[in-house]
Structures are given as C-alpha cells and as structure tokens.
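Close look at the chain arrangement
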Amino acid sequence: MSSYKPGRTSDRSVSRLSRRAFGGVVGASATAAAVGLPAAGAQARTGADEQPFRAAARGGGRRPNILFILGDDLGWADLSSYGSPHIRTPHLDRLAREGVRFTDAYSGSATCSPTRFSLYTGRFPGRTKGGLAEPIADRSVGLDPTHPTLASLLRDAGYATALIGKWHCGYLPDYSPTKSGWDEFFGNFGGALEYYSKLGLAGEYDLYKGAVREGDAEYKDLRYYTRVLTERASEYVRRDHGAKPWLLNLNFTTPHWPWIADGDEEQSAEIVRRIKAGEKGALQHRDGGSVAKYKEMVEDLDRSIGEVLRALKKSGQERDTLVFFASDNGGERFSYNWPLSGNKGSLKEGGIRVPTIVRWPARIGGGQVSDEPVYTPDWTATLLEIGGARPDRAHPLDGTSLAPYLLKGEALAERELFWRVRGERALRRGGWKYYRGKDGADQLFDLDEDRREQADRAAAEPRLLAELRRAWERTDEGLLPYA
C-alpha cells in the first residue's frame, strides 16, 4: 500500500503526489496546447489545489442516504478533473472539489456485468456462476435471487432501495433487481440499448418498470434514454421517504455505444432500421461514432448528473447523502485513458482503473485526493458498514471496508487486489502489479513509477514475481472454474 497515513505525511507520500500532480499538469497542458485549449484551464483541472486525504473530525449524525452513480464504459481520464484535455465535466469536477477524488481506484472486473456482480454481492465475480459471464449475453445466467446483495442487506437494515438504469445481471423471468433486494426498478435488463427506441442487442424492447409487489412490466417511453433516467432519478431523490434512509443505484448507459447523442434522431432511426432488418451487430455501431460524438455524450452525462445533484440539494438532503460516482470498467473506442495502457476487456490499467469520486458533506471534507488502491468490492463493504448493515456470514465479503479510513483516519493495512478474466490475470499489492496476458507471459510492474505498464520488472524481481503469482493462484483456487 501507499506509505501515506492519514494524519501524517511521509516524504514518499509527498513525492508520489507531486509526481502525479506534476505529470498531470504537464501532460494536460501540453495536450491542451496541441488541440488549441488554454493551458491554464488544463492546469486547473489536474488537482493542483487538492490536498492529500485526511479524515475530517466530523462525527455522529444520521445514517446517510446513498446515491451510487455508475457511468458505462467511461475511461479513467475522460473527466476534466482527471486530465481530459478536450472534455468538460464541470458538475463532476465540482463533486470532486466537494469530496474526495481517488487516483488509484479500480472496477471489480474489465467488463459490465462482472463488475456489477462484484458491487452487488461484495465478492469476486468468480464466486457465482453468473459472474463468470464476461459479460452476460443471454438468458441462461444471472444474479441468484437468493444471494444477499448490497440492496437486500441495506433493506433489512431499514433502507428504501431503488435501481434506475442498467441492470445487466440477468433477464426476466428469473432475474431482476426486484428479486434481489431493490424495492423499485426502472431501466433496462441488457448490456446495451438504442437510446430512443429502447431496442436491445437481440432487437427486443428493453425498458421496464417494476416493484417488489407488482413485478416487472414493459414501460413505453421513446425519449432519449439519458433524459428519461435523469428525470426518474431526480424524482426519486426529491421524494418524501419518511424517516427511512435510501439507497439509489443510478446506472447510466452513457457513454456506451451506440454513439447517439440527444437529438440524433436520424442516426437512431437508421440503427433501428438495421436492427429490424436482422443485421447482427448493428447496435455495436462499429461504423459510427467519433471523438467529437463521444465528447458530446460524456458532457451530456455530466449535465445529467448535475441535474440529479441539483434535485438532491433542493430536497434538503445533500448534507446527509453519500454520493459515489465511478465507471463500471475502463473506456472503449473513443475514450481518453492517457497515460494508461489497455481499455475495456483488459486487465491492463486502462481496462480496470476508473475515475472515482466520493462526497458526504456531513462526514468527509472536500478538496481532497487519495492514492490508496481501492476497488469495487471495497465499496460494498464500506456502504454496508456505514449503513449499519451486517454482511451475510454464509457469503463472506471479498472487499475491505474503507469506513475506518474515510471517517476515522485509520491506516489501511497492506492487502492484495485480485482480478481474473478469461485469458488474463492480475493482482496488485502496494505499488506492484502482477499481470499475465493472453500470451501467457508473467509480467511485473511498479505502478508508482510506471502507470503505463511499459517497464516489465519480472526479470529484475523474480522472487517478488513468484510471490505475487502464488498469491493470485491461492485466491483463484477458491473461485468457480470457467467452463
């Protein structure tokens, strides 16, 4: 782990922060100049005014509401607060200024549904059959309704629960958020849909509204999907929930393909025509999109989140609501991941390192940055502890609660972050990362010095490589095998 401990700034911690801040300033400024953007603006977006994380002396208060927001296939550097030279995300940048921005935060896997399994269960995707699908593409598997989830455990502890947006953990009739702990559901079951028609990968209509006592039924709304989700989420946070705290999982599909922004109705109609004509892969939109269109979609996501946050503020609940924002995995075709290598689907840094922001005004100070390595299962454990819910003993969590670190300033013990996908493996311990790609070669990277994973230290550190490989294999032995 990082040698930085809350309440004490070590020389190495300052060195790491300085290298990252300096690299971000220079890289963003140089890139900004190259594309005609003001360097001063680029420098302002790199976190030059941030302070190393220190737990605030703010105690007590009620259990928080939890607004957990996921973007879809958003890259690590696709936000201006993470160094993007061309995308402007003022609302998420403001969220970061008011909370904590994590530089070394990771998704639970490299694709959509396994990461969601790791969030909802707090466990490695490979603990469950549905988590082995990378991602789920048919109706044969899903999140077992008998498995305890973040939502079911918080609901048992007195929370109202809702999921708005992308589910991607199984299809009806066997799988649904309303079968796995969420009181309400409004969204799509599959991995992607056309933003206007709501047609999914198999040409099916995929927008549903559900509740525990009513079941799930198709819901007709042919407006742009991001607008619809934003409207629904804003209504939920404004709602009077009585004395109950609430959990809202808000899962946008933006900026996942197809590359359609609000107003692109002609492009939408063309894709719909191709889907209905039986063209396989039409929804993937491999012959469309651009950096400019991607920029438009990400900035629309930012505006939409800003609208939900305004609704939260007007409701009077902002201070007592923990807002979490991240991406479900690394970026895809048009994403900006510099300086990371790899993208969605890979266990290189670009496939799993994601922008992550946490804000809770009642308990956590703003304007801070943390370089502690954390990942999706940690947030499940953290939210359960903060929400006063107990994990299920029969399904032990794989993540570590960050509540003592965030709220009390306790140091995080050194531990290992583990990933496995078909054909790839990775494990991070402190600043070291063990990686094996599809070529079968073991590699070792010092991420403190080489975030781009270009300097393979395997030959120079054979003992460490062997130790981390054994650690990965020990964890893997406890997981379900791939078919």
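This text follows the structure it describes.
Residues numbered from 1 in each chain as written. Predicted model: local features only at pLDDT ≥ 70, side-chain atom pairs only at ≥ 80, totals over all residues. Heavy atoms only, no water.

Let's shift gears to the overall build of the protein. When helices and strands are tallied, the protein shows 12 helices and 17 strands. C-alpha atoms of the protein, sized along the principal axes, occupy 60 × 50 × 50 Å. For the protein, long-range pairs separated by at least 24 residues make up 71% of all intrachain contacts whose partners lie at least 6 apart in sequence. When the accessible surface of the protein is split by element, carbon and sulfur atoms take 49% of a total near 18600 Å². Across the protein, the mean location of the 70 positive side-chain charges is 3 Å away from that of the 66 negative side-chain charges. (Helix = DSSP H or I, 4+ residues; strand = E, 2+ residues; numbered from the N terminus. Contact = heavy atoms within 4.5 Å. Areas by Shrake-Rupley, 256 points an atom, 1.4 Å probe, with all protein chains shown as cover. Lys, Arg positive; Asp, Glu negative; His and termini not counted. Charge placed at Lys NZ, Arg CZ, Asp CG, Glu CD.)

With that out of the way, let us pick up the packing of aromatic side chains. Within this structure, the stated rule accounts for 20 aromatic pairs. A centroid spacing of 5.7 Å and a plane angle of 75 degrees characterise the contact between Trp-76 and Tyr-82, whose relative ring orientation is edge-to-face. In this structure Trp-76 comes out as buried when scored by relative accessible area, which is 5%. An angle of 50 degrees between the planes, with centres 5.1 Å apart, marks the rings of Phe-124 and Phe-418 as tilted. Here Phe-124 is found in the loop between α4 (112-121) and α5 (150-156), whereas its partner Phe-418 is found in strand β14 (residues 416-421), with 294 residues between them in sequence. (Phe/Tyr/Trp six-rings, centres within 6.5 Å; stacked < 30°, edge-to-face > 60°. Buried < 20%, exposed > 50% of the residue type's maximum accessible area, 1.4 Å probe, protein only.)

Cis geometry is adopted by the peptide bond preceding Pro-173, which originates at Leu-172 and carries an omega value of 10 degrees. Of note, Pro-173 is situated in the loop between β5 (160-166) and β6 (184-188). Pro-339 follows Trp-338 through a cis peptide bond whose omega is 10 degrees. By the secondary structure assignment, Pro-339 is in the loop between β10 (321-327) and α9 (349-352). Phi at Lys-198 is positive, roughly 65 degrees, even though this residue is not glycine. Tracing the chain through its elements places Lys-198 in the loop between β6 and β7 (208-211).

All right, on to a positive patch on the surface then. A cluster of like positive charges, contributed by Arg-94, Arg-97, Arg-238, Arg-310, Lys-313 and Lys-314, occupies part of the molecular surface. Here the element with the most residues in the positive patch is helix α8 (residues 291-314); it accounts for 3 residues. Here Arg-310 lies in helix α8. (Patch = residues over 30% accessible without salt bridge, like charges linked within 9 Å, V, L, I, M, F, W, Y side chains within 5 Å. Salt bridge = Lys/Arg side-chain N within 4 Å of Asp/Glu carboxyl O.)

Side chains carrying opposite charge are able to pair once their charged atoms draw close together. Going through the model one piece at a time under the given rule, you end up with 37 salt bridges. Among the ionic pairs, Asp-300 bridges to Arg-303, the shortest N-O distance being 3.6 Å. With Asp-300 and Arg-303 both in helix α8 and 3 residues apart, this pair spans about one turn of that helix. Where Asp-442 meets Arg-469, a salt bridge forms, and the shortest distance between an N and an O atom there is 2.8 Å. On the criterion of sequence distance, the pair formed by Asp-442 in strand β17 (residues 442-446) and Arg-469 in helix α12 (residues 462-477) is long-range, its members being 27 residues apart. A relative accessible area of 19% means that Asp-442 is categorised as buried. Overlapping salt bridges bring together Asp-104, Glu-349, Arg-353, Arg-428, Lys-433 and Glu-453 as one network.

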